[in-house]
Amino acid sequence: MAERLALPLILLNPQPPKSPFLNQTHQQQQNPTLLPISPPPSTPILQDLLLRHSTKSEQPIDPQVRTRTRIGRSRDLNRGKPWIHKRLSTLGQQVLNSLIDPSFDSNQLDSVLAKLFEQYQQNPDAKTEFLTAEVLGVVKGLGFYKKSDLALGVFNWVKGRKDYELVLNSSIVAVIISILGKEGRVSVAANLLNSLYKEGFSLDVYAYTSLITAYAGSGRYREAMVVFQKMEEEGCKPTLITYNVILNVYGKMGMPWRKITALVDGMKSNGVAPDAYTYNTLISCCRGGSLHEEAAFVFDKMKLAGFSPDNVTYNALLDVYGKSRRPKEAMEVLKEMELNGFAPSIVTYNSLISAYARDGLLEEAMDLKTKMEGKGIKPDVFTYTTLLSGFEKAGKDESAMGVFEEMRSACCRPNICTFNALIKMHGNRGKFTEMMKVFDEIKACNGSPDIVTWNTLLAVFGQNSMDSEVSGVFKEMKRAGFVPERDTFNTLISAYSRCGSFDQAMTVYKRMMEAGVTPDLSTYNAVLAALARGGLWKQSEKILAEMKDGLCKANELTYCSLLHAYAKGRQVDRMHALAEEIYSGIIEPHAVLLKTLVLVNSKCDLLVETERAFLELRKKGLSPDITTLNAMVSIYGRRQMVSKTNEILNFMNKWSNERSFTDLLRNR
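Every residue gets a number counted from 1 within its own chain, in the order that chain's sequence is written. Selection of residues for local features in this predicted model requires a pLDDT of at least 70, selection of side-chain atom pairs for listing and counting requires 80 or more, and totals for whole chains, interfaces and linings are taken over all residues. Hydrogens and water molecules were not included; the side-chain quantities draw on all heavy atoms of the structure.

Visitor: For this particular structure, what's the right way to read the overall build of the protein?
Guide: A run of H or I in DSSP counts as a helix once it spans at least four residues, and a run of E counts as a strand once it spans at least two, with each numbered from the N terminus. When helices and strands are counted, the protein shows 34 helices and zero strands. The 668 residues of the protein split such that 50% are buried. We call two residues contacting when some pair of their heavy atoms lies within 4.5 Å. In the protein, the share of contacts with a sequence separation of at least 24, taken over all contacts with a separation of at least 6, comes to 69%. To be clear on the numbers: accessible area is Shrake-Rupley with a 1.4 Å probe, and residue cover counts the displayed protein chains and nothing else. Of the roughly 32100 Å² of accessible surface on the protein, a fraction of 51% belongs to carbon and sulfur atoms. When a residue's accessible area, from a 1.4 Å probe over protein chains only, is under 20% of the maximum for its type it is buried; when over 50% it is exposed; and in between it is partly exposed.

Spelled out as structure tokens, the structure:
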């Protein structure tokens, strides 16, 4: 089996993008064909899905980017007041007013701007920098009033003059790039900078940083990285703002922690000191890899550097603990936050609820929701969706639907994440009719499937071993204009491995590397899960060794896959050795690891080891799930241990009744 797999034993870093830093088209559209797609499937489920979506996918669509609400300081520096620029002269303000007048005709641009230049041409004592300041002020004003076309028109008009090099400077270029970027016209901004570069115009760090920010804001992270590299090659030293934007890009791309710290070290060696925003960004970078220890280290270092944590800091740290399934540490952060005078917000409580829900502690998550409501904070769509997802993962569909109904009763409108969670729930249970109703409801709510919707469908069909549907959905996803991202690759690897298509799973991984997508913890775990299903423990060990070398920090799911690989490969001694590391605390004895130990030992018919894992689970006050209890019944049943079997069955009945009673109380 091992010889047939196309998996490299060492996961190499992806190749850097080969494209020039200033493209005329979106680079992600040029990804190679990712995997062989089978002929369009003829199954009724997929035909129904494609038919329902075809009304929106007949025309080519621009690649879609998920937008996120900006948290923090308002971009409106005038706080709703009329826009004012102190360096604009009276004439400059008149020119701006003419341009923003609703009745302004673009054909009048020449005559309006000519007045501004005539004043300085008629006055020999006037300095050129004053004219530059006028143009800068006018362009900024047009940007404030969201007139990017007119701002670009002013820029091009000035650039068309013979003396434009005396007037245009890099500050004006940076502003026009920023204006275009904020309105999503990143390709136009890139083309503009490209033409200036070719003409020998002197570009400074602010112009480059504006384009980097524009790419980052549009989710085009790899292109942002290319511009950053080009900037350094041109001898432009990054500023604090540049480094902060790139750190955010590193976090979004899921860069390994050592690369993130290397960037910070380079920043310091260049004489650029981190600020509070840098530290907050570094903490946020720890979310993707569940790097709670690293986040805590950055938090302490931030305070030692003399910066006081703010709401953003605490909420970012809470989010890291939530993603890392560390509810106790999250509660400690909440206490410190309140002691320092920061009132918890809906964002705070959502992070806490996420921490408990991800760890399977749904009662505690519901208690937090009740506490939040007691403080006058209403649950929002993220609160409800987090709880819904938590109940779905626990297999408690009735409770999940109860949350959904409560959400609607509270007039809280579901978002695409809510619908994606419902699609996942129904799909994983094989309830495809209900799944398609949810898919239809997205359109009924004037929404449209996003990249996560497609990834969820891929995961659902993979979970149900429907490999032809996996290929068909992937093809339809690309036809709809969606560019596969890292989560898509990770989902495809998992989907094909669940279908038993190991070769295809490894082909997806290979194509992912060729496309320049950086593997993250989820990628490694998806590959390890694929190997575990084939019992390929040698390859699994090699991947784990690379992760320990610093590329990526292993988590509990990593070790779960390794245990399954050992069990499938009948490597009992290795399984025992790893179990001892878990029991001794070298590897944190997380609930999911103890449950996995029960499962793999039961499958290997190791009674003593199975009972030990089960007792450890109970000793820590952790509730076994139905899979764990079934594993206990299975091993006792195979050995005809009737009293022990009945003991577990009685426990299951009691456990089920207690949970049902708790749910009843919550629904009253």
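Visitor: Sorry, what's going on with the packing of aromatic side chains here?
Guide: One pair of aromatic rings is described through two measures. These are the centre distance and the angle between the planes. Stacked, tilted and edge-to-face pairs are distinguished by plane angle, under 30 degrees for stacked and over 60 for edge-to-face with tilted covering the rest, among Phe, Tyr and Trp rings (Trp via its six-membered ring) whose centres lie within 6.5 Å. Going through the model one piece at a time under the given rule, you end up with seven aromatic pairs. Summarising the aromatic geometry, the rings of W537 and Y566 are spaced 6.5 Å apart at their centres and angled 50 degrees between planes, so their arrangement reads as tilted. With a gap of 29 residues between them, W537 in helix 28 (residues 537-551) and Y566 in helix 29 (residues 556-568) connect regions that are remote in the sequence. Take Y566: its relative accessible area is 5%, and that puts it in the buried class. Members of the aromatic cluster, each reached through a chain of ring pairs, are F299, Y314 and F342.

Visitor: I'm lost on the side chain of S324 in this one. Help?
Guide: When you line up the elements, S324 lands in the loop between helix 15 (311-323) and helix 16 (327-339). Looking at S324, the relative accessible area reads 7%, which means it is buried. Dropping the residues within four chain positions of it, S324 is found in contact with S290, L291 and H292.

Visitor: Would you mind going over the pattern of salt bridges with me for this structure?
Guide: Pairing between side chains of opposite charge can happen when the charged atoms of each approach one another. By definition, a salt bridge exists where a carboxyl oxygen of Asp or Glu is found within 4 Å of a side-chain nitrogen of Lys or Arg. The full count for this structure, using the stated rule, is 28 salt bridges. For the salt bridge of D149 with R185, the shortest nitrogen-to-oxygen distance reads 2.6 Å. Within this pair, whereas D149 is found in helix 5 (residues 148-159), its partner R185 is found in the loop between helix 7 (170-182) and helix 8 (186-198), the two being separated by 36 residues in sequence. By relative accessible area, which is 55% here, D149 ends up exposed.

Visitor: Just checking my understanding: could you explain helix 12 (residues 257-269) for this structure?
Guide: Residues three or four positions apart in an α-helix share a direction because the helix packs 3.6 residues into each turn. The span you would expect from a helix comes to 1.5 Å times its residue count less one. For helix 12, which comprises 13 residues, the first-to-last C-alpha distance of 18 Å matches the rise-based estimate of 18 Å (1.5 Å per residue) to within 8%. Of the surrounding secondary structure, the elements contacted by the buried residues of helix 12 are helix 10 (221-233), helix 11 (240-253), helix 13 (276-285) and helix 14 (292-304). Directly after helix 12, the chain includes G271, whose backbone phi takes a positive value near 80 degrees.

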